[in-house]
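Close look at the chain arrangement
Below are the chains, spelled out letter by letter.
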Amino acid sequence: MNAHVLPESATTVDSWTVAGRTFTSRLIVGTGKYKDYATNAAAAKAAGAQIVTVAVRRVNLTDPTQPLLVDYVKPDEFTYLPNTAGCFTGEEAVRTLRLAREAGGWDLVKLEVLSDPKTLYPDMEETLRALKLLVSEGFQVMVYCSDDPVYARKLEEAGAAAIMPLGAPIGSGLGIQNRVNIRLIVEQAKVPVLVDAGVGTASDAAIGMELGCDGILMNTAIAEAKDPILMARAMKHAVMAGRDAYLAGRMARRMYADPSSPLAGLI
Amino acid sequence: MRLSVNGEERGFEGVSTVQDLVSALGLDVRKVAVERNLEIVPRSTYGTAALADGDQIEIVTFIGGG
């Protein structure tokens, strides 16, 4: 074998598919909290993202000339994933996403039904009910959820297009708090699993990917970095590194040292 | 005609359809979605979707979010 040719596993294009759409980037980025839409667009590009989450809100009637997200983060360059942030009931979520579908003309959406404003923890009972409403209306739903493997299974059975457990509370940057649960969810799921929320820095994203997740969704970790564009690039590399490490299969852990240089032939 | 637009009561002159309203507000129809009395108004019907006094209208767009 020619030593200069990489084995097939290192050259094959790695991709994942959600609701029949295939993507090569495993990093989904949010579009909130940036100082302006131009920075936002530059960060999304630096992240290599193909999907961006967006929110649906009332237009500004007092100044209709204000800049719009769609003029910077363009829907022909990124797949928009409209969210239901700010919704606390299934009905609010359904109403919001019907409007999103009309505004954007697509049915791939992110459901999040929150409970407590302090923790922004998802209300899983209401999330599951909202999911069923949305699925019955033909939406393809990626679901933000707690890291509870039992609820994750219920969501999948109810027709979720992807399961998106939190690593830690939204915007906390605490990193993945319960790796065991994320791994359990990954092992049982037949739909894509993405860590959504809680990533603070690049190593957090890599850990999520090393656990076998199909992707990572983040917003604050990039938007609130001192240099969002540089952090976006770091996240791109972290997700790719974590993915490769997962595919490569890590070495076994040992209690004690094992020399890297052979002991035989010592002088 | 009196309409409630995004929670705000306003009077409009010479507005009879959703298309008229969106234009009167200076908005780009391709970048918004409209709800009339909790029902989605499909964009293809803006020109014919008649408005009535007292209608509750919501006009939304995409903004940054996580």
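Up top is the structure.
This write-up is about the structure you can find in this document.

1. A closer look at the overall build of chain B
A count of helices and strands for chain B gives one helix and five strands. In terms of overall dimensions, chain B is globule-like: its C-alpha atoms have a radius of gyration of 11 Å, near the 11 Å expected for 66 residues. Each principal axis of the C-alpha atoms in chain B carries an extent, and together these give about 35 × 25 × 20 Å. Counting all 66 residues of chain B, 44% fall into the buried class. Across chain B, the fraction of contacts at a sequence separation of at least 24, relative to all contacts at a separation of at least 6, is 48%. Roughly 3,100 Å² of accessible area belongs to chain B as shown, and the carbon and sulfur atoms make up 48% of that amount. Averaging the locations of the 6 positively and 10 negatively charged side chains of chain B gives two centres separated by 8 Å.

2. Some points on helix 5 (residues 149–157) of chain A
Residues and elements named next belong to chain A. Buried within helix 5 we find Pro149, Ala152, Leu155 and Glu156. Seen along its axis, helix 5 keeps its buried residues to an arc of 115°; they face one direction. Within two residues after helix 5, Gly159 carries a phi angle of roughly 105°, on the positive side.

3. Regarding unusual backbone geometry
At Ala197 of chain A, a residue that is not glycine, the phi angle is positive and equals roughly 95°. Structurally, Ala197 of chain A is set in the loop between strand 9 (194–196) and helix 7 (202–210). Under the relative-accessibility criterion, Ala197 of chain A is labelled buried at 9%. One non-glycine residue, Asn37 of chain B, lies in positive phi territory at about 50°. Within the secondary structure, Asn37 of chain B is located in the loop between strand 3 (33–36) and strand 4 (39–41). Judged by relative accessible area, Asn37 of chain B falls into the partly exposed class, the value being 34%.

4. Some remarks on helix 9 (residues 228–248) of chain A
Residue and element names in this part refer to chain A. Between its first and last C-alpha atoms helix 9 spans 30 Å; for 21 residues at 1.5 Å apiece the expected length is 30 Å, and the two agree. Taken together, the buried positions of helix 9 are Pro228, Met231, Ala232, Met235, Ala238, Val239, Gly242 and Arg243. In a view along the axis of helix 9, the buried residues occupy a sector of 125°, so they form one face of it. Helix 9 presents Asp244 and Ala248 as exposed residues on the side facing more than 90 degrees away from its buried surface. Packed against the buried residues of helix 9 are strand 3 (27–29), helix 2 (37–46), helix 7, strand 10 (215–218) and helix 8 (220–223).

5. Digging into the interface of chain B and chain A
In many analyses, interface size is given as the accessible surface area lost on bringing the parts together. On the chain A side, the residues contacting the 27 residues of chain B number 31 residues. If you sort the residues of chain B by the area they bury against chain A, Phe62, Ile63 and Gly66 of chain B come out on top, with a joint share of 29%. Taken together, the connections running from chain B to chain A amount to three salt bridges. A salt bridge links Glu58 of chain B to Arg58 of chain A; the nearest nitrogen and oxygen atoms lie 2.7 Å apart. If you look at where chain B meets chain A, you find 15 residue pairs in polar contact (both at pLDDT 80 or more). Residue contributions to the side of chain B that touches chain A peak at seven residues, all from strand 5 (residues 56–64) of chain B. Pairing geometry for strand 4 (residues 51–58) of chain A and strand 5 of chain B, over five bridges, is antiparallel. Residue pairing across strands places Val56 of chain A opposite Phe62 of chain B, the latter belonging to strand 5 of chain B.

Basis of the calculations
Residues numbered from 1 in each chain as written. Chains lettered and ligands numbered in written order. Predicted model: local features only at pLDDT ≥ 70, side-chain atom pairs only at ≥ 80, totals over all residues. Heavy atoms only, no water. Helix = DSSP H or I, 4+ residues; strand = E, 2+ residues; numbered from the N terminus. Rg over C-alpha atoms; globule rule 2.2 N^0.38 Å. Buried < 20%, exposed > 50% of the residue type's maximum accessible area, 1.4 Å probe, protein only. Contact = heavy atoms within 4.5 Å. Areas by Shrake-Rupley, 256 points an atom, 1.4 Å probe, with all protein chains shown as cover. Lys, Arg positive; Asp, Glu negative; His and termini not counted. Charge placed at Lys NZ, Arg CZ, Asp CG, Glu CD. Arc of directions from axis to C-beta. Expected span 1.5 Å × (residues − 1). Buried area = accessible area lost by both parts, 1.4 Å probe. Salt bridge = Lys/Arg side-chain N within 4 Å of Asp/Glu carboxyl O. Polar contact = N/O pair within 3.5 Å; in protein donor to acceptor, adjacent residues only side chain to side chain. Pairing = 2+ DSSP bridges.

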